[in-house]
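Structure assessment
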Amino acid sequence: MDSEPENPFGFKPQNRLSQVLGGPDAKTFRVLVAKAETNVDLIRNIVGASLAKDLDQLIALASRPEADVLADLDGLDRAALQIAENATVAEKPAMAQVAGGIADLIEFHRVHG
């Protein structure tokens, strides 16, 4: 491990994080981190479970007559972006990429007609 670079100013800020991690509250900190990780997993699962409904909504929006789809590009774009964001949270990168691609196509259509 490299040593710390020389500090020409003679000032070294306190590393409060190292004090928490190694101090008397280290056990409390570890417990809080474990609880936070559990909450993240719970949220990821809830968001992942909502993806089927989101996909059904996107399919319904895109399955309308062309004139209706073109008149509601904002709705289609919002649905695609929501799926892209939720799929990212749910760790489904392929789904996020496809939904993001749909949003990109909508933006391209807006710009280029």
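Residues numbered from 1 in each chain as written. Predicted model: local features only at pLDDT ≥ 70, side-chain atom pairs only at ≥ 80, totals over all residues. Heavy atoms only, no water.

Regarding the overall build of the chain
How we decide: Each helix is a run of DSSP H or I of at least 4 residues and each strand a run of E of at least 2, with the numbering of both proceeding from the N terminus. Note on exposure labels: buried denotes an accessible area under 20% of the residue type's maximum, exposed denotes more than 50%, and partly exposed covers the range between, all computed with a 1.4 Å probe on protein chains only. Should any heavy atoms of two residues lie within 4.5 Å, those residues are counted as being in contact. To measure how exposed things are, a 1.4 Å probe is used in the Shrake-Rupley method; for residues, cover is taken only from the protein chains shown.
Along the chain, the regular secondary structure elements total 5 helices and 0 strands. Ordered by position from N to C terminus, the α and β elements of the chain give α-α-α-α-α. Looking at the chain as a whole, 20% of its 113 residues are labelled buried. The long-range fraction of contacts in the chain, counting pairs at least 24 apart against all pairs at least 6 apart in sequence, stands at 51%. Within the structure as shown, the chain displays about 8800 Å² of accessible surface, and the carbon and sulfur contribution to it stands at 60%.

Comments concerning unusual backbone geometry
Of note, the phi angle at Glu91 is positive, near 60 degrees, even though the residue is not glycine. In this structure, Glu91 sits in the loop between helix H4 (73-89) and helix H5 (93-112).

Side note on the packing of H4 against H5
Counted only if it meets this: Each axis is a line fitted through C-alpha atoms, and for a helix only the stretch in contact is used; angles between axes span 0 to 180 degrees, taken between their N-to-C directions. Roughly parallel here means an angle under 35 degrees, roughly antiparallel means over 145, roughly perpendicular means 65 to 115, and every remaining angle is called oblique. Note on convention: the crossing is left-handed when the near helix lies turned anticlockwise from the far helix by less than a right angle, right-handed when the turn is clockwise. Ten residues, namely Ala, Val, Leu, Ile, Met, Phe, Trp, Tyr, Cys and Pro, are considered nonpolar, four, namely Asp, Glu, Lys and Arg, are considered charged, and the remaining ones, Gly among them, are considered polar.
Contact geometry of H4 with H5 gives a least axis separation of 8 Å together with a crossing angle of 155 degrees. Between H4 and H5, the interaxial angle falls into the category roughly antiparallel. The way H4 lies across H5 gives a crossing that is left-handed. Taken together, the residues of H5 that come into contact with H4 (itself represented by Leu73, Asp74, Leu76, Asp77, Ala80, Leu81, Ile83, Ala84, Ala87 and Thr88) are Met95, Ala96, Ala99, Gly100, Ile102, Ala103, Ile106, His109 and Arg110. When its residues are assigned to classes, the contact of H4 with H5 shows 13 nonpolar, 3 polar and 3 charged.

Things to note about the pattern of salt bridges
Note the cut-off: Take a side-chain nitrogen of Lys or Arg and a carboxyl oxygen of Asp or Glu: if they are within 4 Å of each other, that pair is a salt bridge.
Counted by the stated rule, this structure contains 6 salt bridges. The partner of Arg64 in a salt bridge is Asp72, with the nearest N and O atoms 3.3 Å apart. Owing to a relative accessible area of 27%, Arg64 belongs among the partly exposed residues under this scheme. By relative accessible area, Asp72 is classed as partly exposed at 24%. Close ionic contact of Asp77 with Arg110 constitutes a salt bridge, the shortest N to O distance being 3.3 Å. Of this pair, Asp77 sits in helix H4 while Arg110 sits in helix H5, placing them 33 residues apart in sequence. The exposure class assigned to Arg110 is partly exposed, which follows from its relative accessible area of 35%. Through salt bridges with shared partners, a single network forms among Asp74, Asp77, Glu107 and Arg110.

By themselves these figures say nothing about function.
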